[in-house]
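The chain contents come next:
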Amino acid sequence: MKIDKKEVVKALETISAPGEGKNMIESGAVTNIMIFGDEVVVDITINNPSLQAKKKTEVEVLKTIHDKVFQKAKVKVNVKVEAPEKPEIKGKSIPGIKNIIAVASGKGGVGKSTVTSNLAVTLSKMGFKVGLLDADVYGPSAPIMFDVENEKPLAINVDGKSKMKPIESYGVKILSIGFFTQPNQAVIWRGPMASKALNQMIFDAAWGDLDFLLIDLPPGTGDIHLSIMQALPITGAVVVSTPQNVALADAKKGVAMFQQESINVPVLGIVENMAYFTPEELPDNKYYIFGKEGAKNLSNDLNVPFLGEIPLVQSIREAGDVGRPAALQEGTPLEVSFKDITKNIVQEVVSRNKSLPPTEAIKITTMAGCSPVNKK
């Protein structure tokens, strides 16, 4: 079938340009349309630098042409991001650190810290230089998961300044508030004090050259999250959830936090933890204890990449308790799961860095800065 270019133009007039009050044709976002029989190539330039805006634009154009022009059309959408001239970067980057990945969850108990530690060791096994900042001030678990709970960071001299030397385990450089407290000591701090401690671990540490710094955020969407994003330009965020509805509702809020206009941190994707249970004696059986593919479906609904699933396996818990992350178990399904998810994250980071400008550390000047309601 020969597609009529006028019909394509008319269809694209029904789509709003991201961040503008005009449609794609009227705003000039569509820079070129080429027709080759039943093939359509659309070149689009948008000003919104978020990864979500780019993906949403691609999906909307594809769907609109299929719905309004020709269902079997072969459509290719080339989206180019031309962000407005960047203002001065707010906050400080850390010299030597290439990518900063925040690992978050809207809800506690979904295995976020376990996932973070296994991603870290997998990245290290792949040959990357990796650091892990345990930002869960009130429930630090990295020292236990890496079997270094009795270690204490040393002070070293770097260019005439005293810096903390991170503890290294399995090729990962680690800092956690757990290194500075007693095992039975509760951390009872208000937000400003917790934020100050985190800033010290971020900027007063000798991280050296890192390909990835993973930040294990606490559950929820609170003060610690804002402090981290005000202090650092985060490359992207990974959200961890279980398949059950209660966890998904909070994971959705976690994604929404990063997508807030005042924050605008690209969401690299969602990881589904405890996806299913397979008994050791019945290796071909899968029992969906917490529901089936809930996080996968959520990623489709939010138009966010699905990074992969991790089964509910006893050895993951045992490995975390003894301080040897499960991803180090060579030749096991767990190692394969974490390797696949890590590869997907690396690919998303590569795509994000090619298509989007660097993320800025955010600046929040009022209590309404991250409100879900825009107050005028």
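Structure's up top.
The present account deals with the structure reproduced in this document. (Residues numbered from 1 in each chain as written. Predicted model: local features only at pLDDT ≥ 70, side-chain atom pairs only at ≥ 80, totals over all residues. Heavy atoms only, no water.)

The eight strands are arranged S8-S9-S5-S10-S4-S11-S12-S13 in an open sheet whose pairing can be described as mixed. Only two strands of the sheet have a single partner each, and these edge strands are strand S8 (167–169) and strand S13 (306–309). Taken over all neighbouring pairs, the strand axes of this sheet differ in orientation by 25° on average, direction set aside. As defined by bridge partners, strand S5 (residues 130–134) adjoins strand S10 (residues 210–216) across five bridges and the pair is classed as parallel. The residue bridging Gly-131 from the neighbouring strand is Leu-213, located in S10. (Pairing = 2+ DSSP bridges. Helix = DSSP H or I, 4+ residues; strand = E, 2+ residues; numbered from the N terminus. Axes fitted to C-alpha atoms, helices over the stretch in contact; angles between N-to-C directions.)

To continue, consider the sheet that holds strand S3 (residues 74–81). Pairing within the open sheet is mixed, and its three strands lie in the order S1-S2-S3. Bordering the open sheet on either side are strand S1 (30–36) and S3, each of which pairs with just one other strand. In this sheet, neighbouring strand axes are inclined to one another by 10° on average, regardless of whether the strands run parallel or antiparallel. For strand S2 (residues 39–46) and S3, the ladder comprises eight bridges, and the chain directions are parallel. Counterpart to Thr-45 in the pairing with S3 is Lys-80. The strands touched by helix H2 (residues 51–68) within the sheet are S2 and S3, with S3 carrying the most contacts at an inclination of about 150°. (Contact = heavy atoms within 4.5 Å.)

What follows concerns a nonpolar patch on the surface. On the surface, Phe-277, Leu-282, Tyr-287 and Ile-289 cluster together to form a nonpolar patch covering roughly 340 Å² of accessible area. Mapped onto the elements of the fold, Tyr-287 is located in the loop between strand S12 (267–272) and helix H8 (294–302). (Patch = residues over 30% accessible without salt bridge, like charges linked within 9 Å, V, L, I, M, F, W, Y side chains within 5 Å. Areas by Shrake-Rupley, 256 points an atom, 1.4 Å probe, with all protein chains shown as cover. Salt bridge = Lys/Arg side-chain N within 4 Å of Asp/Glu carboxyl O.)

In this section: the pattern of salt bridges. Counted by the stated rule, this structure contains eight salt bridges. With its nearest N and O atoms 2.8 Å apart, the salt bridge here joins Lys-125 to Glu-335. Within this pair, whereas Lys-125 is found in helix H3 (residues 112–125), its partner Glu-335 is found in helix H10 (residues 333–355), the two being separated by 210 residues in sequence. Judged by its relative accessible area of 37%, Lys-125 is partly exposed. The closest approach of N and O atoms between Lys-253 and Asp-250, which form a salt bridge, is 3.7 Å. Placement of both Lys-253 and Asp-250 in helix H7 (residues 245–259) is noted, with a separation of three residues, approximately one turn of the helix. Three or more residues are tied together by salt bridges with common partners; here these are Lys-125, Glu-330 and Glu-335. (Buried < 20%, exposed > 50% of the residue type's maximum accessible area, 1.4 Å probe, protein only.)

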